[in-house]
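Descriptive analysis of the structure
Here's the letter readout for the chains.
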Amino acid sequence: MHKIDIELVEMTLDVMKYTIDRLTATNTKIGKPKKEEELKALVGETVTKAGIGGEVAFKLWKKYLMKATVSIDHPRHLAFVPASPTRAAIMFDLVTSASSIHGAYWMEGAGGIFCENEAMRWIVSLTGLPDGAFGVFTSGGTAANLSAIVTAREYWRKDDTYKREKGLIITSFGAHSSIKAMAKVADVDILLVESEEKLTGDDLRKTIDGLTFHQRKRLFAVVATGGTTNAGIIDDLTGIAEVCEKEKLWFHVDAAYGGGALIADSVRHLFNGIERADSITIDPHKWMFSPYDCGAVIYKKPELAKEAHSQEGSYLDIFKDEGAHGFNPTDYQIQLTRRVRGLPLWFSLAMHGTDKYKQAVERGIELTQIAGKLIEDMPHVELVREPNLSCVLYRRIGWKPEDYTHWTYENHKKGFALVTPTKWKTTDGFETVSRFCFINPDTTKQDIKAILESMK
Ligand SMILES: Cc1ncc(COP(=O)(O)O)c(C=O)c1O
């Protein structure tokens, strides 16, 4: 298994050929899942005592299994938050794997961590956070949000008054599901401001004023969103920052999806106030064109994260010794052993320069405006609200929820597009609507038009 032989060399060439084909493909199939029983019937037993051989396994992958995955970078994949990693970043993901780097401690991962930090400095510079702010790459937005919530909670509990209290966080209905899920992991309660529209400083003020004495004592953090997943709405970050500062609350901004747009001049002003955050989540695997998985958590005062997350163990003492001195990413988030997952982003940034990133993000925003205009011009569809960032919510006039579901499956089955329905909160309940989210700069006006026409 660990020997070098002709089979290994041939397999390496096969893998490289596959990678080159995939990287240079311009007509990637969108791919669709099959039931597990169907896949099992197609591929049979793959893990056996003697092994089925690399050639056979790879053939099964190419013939059946790869086709049962959705290519998230397909230009007509506009569901959820799609992705569109740069080819340079994908290539360097291979290099990252081939280099066998342990990315937890400087002593082992110095060169890789150095590159990650170069990329991180650029991301931090986009936020406008003060000197001293810094961050680390995580497995995604969920892990970044959890790392930030735990840091905030530990900081709050430094004060003995709160040692035995269960913490409470305020966020909005529009906040991502991971905030609610991670609050559960951190064993803190969540209070939702019941609107899916922009959360304002006034909303927050009123919510705090409505708390009981004990709830107010338990409140330690506010989570605002810098681009809601459903609608691309950016909360009133300045107003929320003001309230947080006055009330001495930790201010976290979840910009996992929207954070990439910090580089776009056309919308940067909407993020004003983010520079006053205590922590920020930004996912490079969303709008910074990194391959999965790559999130990031940034702290105004990284030393607070270190107090919360730094692991102790006799076997780890060497990493903290003077001789092993350097930046240890493990100290700032929940994970110990970690891939240097910021490395593909660094290479792509170094190769292309940040201007190209600006252009690619601006293109996503432009596509959103194009989609909005097409929807206004077509009689069978209408906008649910003005598009925000790169999200468009629209309805097919006369459709019931099941029509949207059926249409989604039909388009996916045909290998034409993947656009999924969502729900939009109204004053009297929820309306099922359709949603576009643009990330891939290769999506065309024609793609959008064809998708809208398929709703006729
Ligand atoms: C605003 C927001 N926060 C957090 C997340 C979770 O990120 P991840 O899926 O990388 O864990 C998402 C994912 O779409 C998101 O849109």
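The structure under discussion appears in the preceding block.
Heads up: these notes are all about the structure in this document. As the structure is a prediction and not an experimental result, all values here were calculated from the model.

Once that is clear, we can look at the nonpolar core. Counting 88 residues, the largest nonpolar core has I123, F251, I280 and W287 as its most contacted members. Broken down by element, the residue count for this core peaks at eight residues, all from helix α5 (residues 106-127). Ignoring sequence-local partners within four residues, the contact set of F251 consists of V222, A224, L237, I240, A241, C244, G273, R276, A277, D278 and S279.

With omega at -10°, the peptide bond leading from Y292 into D293 counts as cis. Tracing the chain through its elements places D293 in the loop between α11 (284-287) and β7 (295-299). Even without glycine at this site, S100 takes up a positive phi of about 50°. Structurally, the position occupied by S100 is in the loop between α4 (87-98) and α5.

On to α5. End to end, α5 covers just 25 Å across 22 residues, shorter than the expected 32 Å (1.5 Å per residue, more than 12% under). At G112, α5 shows its maximal kink, close to 55°. Looking one or two residues beyond α5, the residue adopting positive phi is G128, at roughly 80°.

Here we come to the pattern of salt bridges. For the structure on display, the rule yields 30 salt bridges. Between R205 and D209 there is a salt bridge; the shortest N-O distance is 3.2 Å. Here R205 and its partner D209 are both found in helix α8 (residues 201-209), four residues apart, which amounts to about one turn of the helix. Residues K413 and E410 are paired through a salt bridge, measuring 3.3 Å at the closest nitrogen-oxygen approach. One end of the pair, K413, and the other, E410, are both in helix α15 (residues 401-413), three residues apart, so they sit about a helical turn from each other. E410 gets classed as partly exposed once you look at its relative accessible area, which sits at 28%.

Before going further, it helps to spend a moment on the site of the ligand. Taken together, 15 residues form the shell around the ligand, and within it G141, T142, T229, D254 and D283 come nearest. Measuring from an oxygen atom of the ligand, one finds a side-chain N or O atom of D283 at 2.9 Å. Contact with the protein chains removes 84% of the 390 Å² of surface that the ligand exposes when unbound. Within the residue set of the shell around the ligand, elements represented by two or more residues are α6 (141-156) and α11. Its residues assigned to classes, the shell around the ligand shows three nonpolar, nine polar and three charged.

Listed in full, the buried residues belonging to helix α16 (residues 445-453) are D447, I448, I451 and L452. Down the axis of α16, the buried side of the element spans an arc of 130°, and every buried residue falls inside it. Against the buried residues of α16 lie α14 (354-377), β9 (391-396), α15 and β11 (429-437).

Time to look at a negative patch on the surface. A cluster of acidic residues, D5, E7, E10 and D14, forms a negative patch at the surface. Along the polypeptide, E10 turns up in helix α1 (residues 6-24). Looking at E10, the relative accessible area reads 45%, which means it is partly exposed.

Right, let's talk about the side chain of D235 for a bit. With respect to the helices and strands, D235 occurs in the loop between β4 (219-225) and α10 (237-247). Buried within the structure, D235 lacks any salt-bridge partner; its nearest side chain of opposite charge belongs to K198, at an N-O separation of 7.8 Å. Separated by 2.9 Å, the side chain of D235 and the backbone nitrogen of L199 make a polar contact. Looking at D235, its side chain comes within polar contact range of the main-chain nitrogen of T225, at 2.8 Å. Residue contacts for D235: discarding those within four places in its chain leaves S172, E197, K198, L199, A224, T225, I240 and L270.

In this section: the sheet that holds β7. Strand order in the open sheet made by the seven strands is β1-β7-β6-β5-β4-β2-β3, with mixed pairing throughout. Each edge of the sheet is formed by a strand with only one pairing partner; in this case those strands are β1 (134-138) and β3 (189-193). Geometrically, the sheet is characterised by an average inter-axis angle of 20° between neighbouring strands, direction not taken into account. When β4 meets strand β5 (residues 250-254), the two strands line up parallel, connected through five bridges. Bridge assignment links A221 to a residue of β5, and that residue is W250. Contacts from α5 reach β1, β6 (279-282) and β7, with the element oriented near 120° to β1. The strands touched by α10 within the sheet are β4 and β5, with β5 carrying the most contacts at an inclination of about 160°.

What follows is about the packing of aromatic side chains. Scanning all chains against the criterion turns up 18 aromatic pairs. For the ring pair F327 and Y332, a centre distance of 5.0 Å and an interplane angle of 5° mean the geometry is stacked. Both residues of the pair, F327 and Y332, count as buried. A connected cluster of aromatic rings, assembled from ring pairs, spans F92, W346 and F347.

It is worth spelling out the sheet that holds strand β10 (residues 421-426) at this point. Pairing in this open sheet of four strands is antiparallel, and the strands run β8-β9-β11-β10 from one edge to the other. For this open sheet the edge positions go to β8 (381-383) and β10, each flanked by a neighbour on one side alone. Sheet twist, expressed as the mean angle between neighbouring strand axes with direction ignored, is 50°. Taken together, the six bridges between β10 and β11 define a ladder with antiparallel strand orientation. Residue K425 lies in a different strand from β11, and its bridge partner there is F430. In the packing of α15 onto the sheet, the strands contacted are β9, β10 and β11, and the crossing angle to β11 comes to about 25°.

Scoring rules and cut-offs
Residues numbered from 1 in each chain as written. Predicted model: local features only at pLDDT ≥ 70, side-chain atom pairs only at ≥ 80, totals over all residues. Heavy atoms only, no water. Core = buried A, V, L, I, M, F, W, Y, C linked by side-chain atoms within 4.5 Å. Buried < 20%, exposed > 50% of the residue type's maximum accessible area, 1.4 Å probe, protein only. Helix = DSSP H or I, 4+ residues; strand = E, 2+ residues; numbered from the N terminus. Contact = heavy atoms within 4.5 Å. Expected span 1.5 Å × (residues − 1). Bend = angle between axes of the 7 residues up to and from the residue. Salt bridge = Lys/Arg side-chain N within 4 Å of Asp/Glu carboxyl O. Near = heavy atom within 4 Å. Polar contact = N/O pair within 3.5 Å; in protein donor to acceptor, adjacent residues only side chain to side chain. Areas by Shrake-Rupley, 256 points an atom, 1.4 Å probe, with all protein chains shown as cover. Nonpolar A, V, L, I, M, F, W, Y, C, P; charged D, E, K, R; others polar. Arc of directions from axis to C-beta. Patch = residues over 30% accessible without salt bridge, like charges linked within 9 Å, V, L, I, M, F, W, Y side chains within 5 Å. Lys, Arg positive; Asp, Glu negative; His and termini not counted. Charge placed at Lys NZ, Arg CZ, Asp CG, Glu CD. Pairing = 2+ DSSP bridges. Axes fitted to C-alpha atoms, helices over the stretch in contact; angles between N-to-C directions. Phe/Tyr/Trp six-rings, centres within 6.5 Å; stacked < 30°, edge-to-face > 60°.

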